[in-house]
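The chain contents come next:
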Amino acid sequence: MNPPYLLFDVGGTDVKSALADDAGNLLGIRRVPTRRGTANPAETLIEQLHVLGAELRAETPLVRPEAVGLLVCGIVDEERGRGVFSANLGWRDAPLRDMAARAFSLPVGFGHDVAMAGAAELEFGAGAELGAKVRNAVMLVIGTGIAAALFIDGRPVSAGGYAGELGHAAVPGGLDCPCGAHGCLETLGSAGAIAKRYSQASGTQVRGAREVLKAMQSGDPTAARIWDEAVEAIAFSIAQLSACIAPETVVIGGGLAQAGEALLEPLRHSVRRRLSYHREPLIVPARLGGDAGLHGAFLKASEALGRKP
Ligand SMILES: [Zn+2]
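About the cut-offs
Residues numbered from 1 in each chain as written. Predicted model: local features only at pLDDT ≥ 70, side-chain atom pairs only at ≥ 80, totals over all residues. Heavy atoms only, no water. Donors = N, O, S within 2.8 Å, 3.2 Å for Na, K, Ca; no water. Buried < 20%, exposed > 50% of the residue type's maximum accessible area, 1.4 Å probe, protein only. Domains from an automatic or database assignment. Contact = heavy atoms within 4.5 Å. Buried area = accessible area lost by both parts, 1.4 Å probe. Salt bridge = Lys/Arg side-chain N within 4 Å of Asp/Glu carboxyl O. Polar contact = N/O pair within 3.5 Å; in protein donor to acceptor, adjacent residues only side chain to side chain. Helix = DSSP H or I, 4+ residues; strand = E, 2+ residues; numbered from the N terminus. Nonpolar A, V, L, I, M, F, W, Y, C, P; charged D, E, K, R; others polar. Pairing = 2+ DSSP bridges. Axes fitted to C-alpha atoms, helices over the stretch in contact; angles between N-to-C directions.

1. Focus: the coordination of the zinc ion
Around the zinc ion, the protein supplies H168 (ND1), C177 (SG), C179 (SG) and C184 (SG) as donor atoms, at distances of 2.0 to 2.4 Å. Motif for the zinc ion, donor spacing along one chain: H-x8-C-x1-C-x4-C. C184 carries the same exposure label as C177, and that label is buried.

Pasting the structure below:
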């Protein structure tokens with residue numbers, strides 16, 4: 001079967017690329033550091049994608065991709081095809097969809113990395129496992145920071161790219177945030193915050209939240225307190241969402257999700273404690289791992305050709 005799609009998932013740290021066939025099987029997945037720090041970050045990105053695409057095509061010379069799926073991080077206006085803002089990569093209101101379409105001479109399906117990773121989880125991953133089609137859901141990606149994708153009545157909520165910034169909504173006990181606001185969920189609930197806060201409180205430098213979890217499991221009360229504060233902060237946000245948009249399920253992805261039940265079990269408990277008549281969401285782990293974005297890019301690419309996968 002021909003792999004007719006060329007897929008890119010552009011994050012602040014790396015660019016993932018792959019080919020996909022009609023059924024969405026990913027081939028030749030690669031991960032390279034995102035090029036950054038130039039005067040024209042949008043042009044630099046498109047040049048990098050062009051080189052990656054040429055390499056993928058050289059590896060499989062008989063394959064002629066028919067469309068491109070391109071996801072980028074930051075604030076993304078899917079309808080207008082523009083990267084509105086990326087704090088990490090530096091573009092401002094860049095017409096990335098049209099730039100990519102010119103570079104590849106192919107139709108381009110364009111979207112936001114977290115929104116489409118969420119859509120892919122609902123279509124092929126955690127959502128597919130739940131059986132009946134989930135129409136109201138939240139995908140929470142908890143890593144260095146916290147990002148979210150919201151789905152209401154079967155539709156993703158974009159709001160010009162500004163929806164889903166749950167990591168930068170205030171929670172009780174939240175701290176000063178590098179974004180300029182005070183109290184953001186990210187300052188307590190992210191994997192980055194857990195590691196940083198534990199290092200500060202214990203005087204022991206740790207590289208990641210995984211080490212804090214280990215310390216907690218071997219009885220370290222400082223680690224237990226910081227883990228608990230992270231869980232409470234995330235639960236607060238999920239309870240707010242339950243009152244606002246009543247998701248049937250909350251899919252937890254990103255690095256912190258690797259903690260598995262050590263995160264999910266106390267999180268479910270804390271969310272339940274905060275709800276009364278509200279619809280309690282099923283809190284489940286993401287299933288597609290680091291390739292969720294590429295699966296999301298596949299959804300966008302097939303949309304660009306007017307196909308429904
Ligand atoms: Zn913030």
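2. Observations concerning the domain arrangement of the protein
If you check the domain split of the protein, you get domain 1 (5-117 + 290-304) and domain 2 (132-287). With centres defined by C-alpha atoms, the gap from domain 1 to domain 2 works out at 27 Å. Tallying the contact residues gives 6 residues for domain 1 and 10 residues for domain 2. When the area that domain 1 buries against domain 2 is broken down by residue, the three leading residues are I75, V114 and A115, summing to 62%. Across the contact surface, domain 1 and domain 2 share 0 salt bridges. Linking domain 1 with domain 2 are 0 residue pairs in polar contact (both at pLDDT 80 or more). The biggest single contributor to the side of domain 1 that touches domain 2 is strand β5 (residues 75-77), with 3 residues. Taken together, the residues that form the side of domain 1 that touches domain 2 break down as 5 nonpolar, no polar and 1 charged.

3. Let's talk about unusual backbone geometry
Even without being a glycine, D153 presents a positive backbone phi close to 50°. With respect to the helices and strands, the residue D153 is situated in the loop between β10 (146-152) and β11 (155-156). A residue is classified by how much of its surface remains accessible, and D153, at 47% relative accessible area, is partly exposed. With a phi close to 50°, A246 is a non-glycine residue in the positive phi region.

4. Considering the sheet that holds β5
As a general point, the strands of a sheet are linked pairwise by backbone hydrogen bonds and lie either parallel or antiparallel. Strand order in the open sheet made by the 3 strands is β5-β6-β7, with antiparallel pairing throughout. What marks the edges here is a single partner per strand, and that holds for β5 and β7 (92-94). Looking at each pair of strands side by side, their axes are set apart by 20° on average, direction ignored.

5. A short note on the sheet that holds strand β8 (residues 108-112)
What the 5 strands build is an open sheet, ordered β3-β2-β1-β4-β8; its pairing is mixed. Unpaired on one side and paired on the other, β3 (26-33) and β8 mark the two borders of the sheet. Each adjacent strand pair in this sheet contributes to an overall mean axis angle of 15°, direction not counted. Pairing analysis gives 6 bridges linking strand β1 (residues 5-10) to strand β2 (residues 14-20), with the strands arranged antiparallel. Within the sheet, the bridge partner assigned to L6 lies in β2 and is L19.

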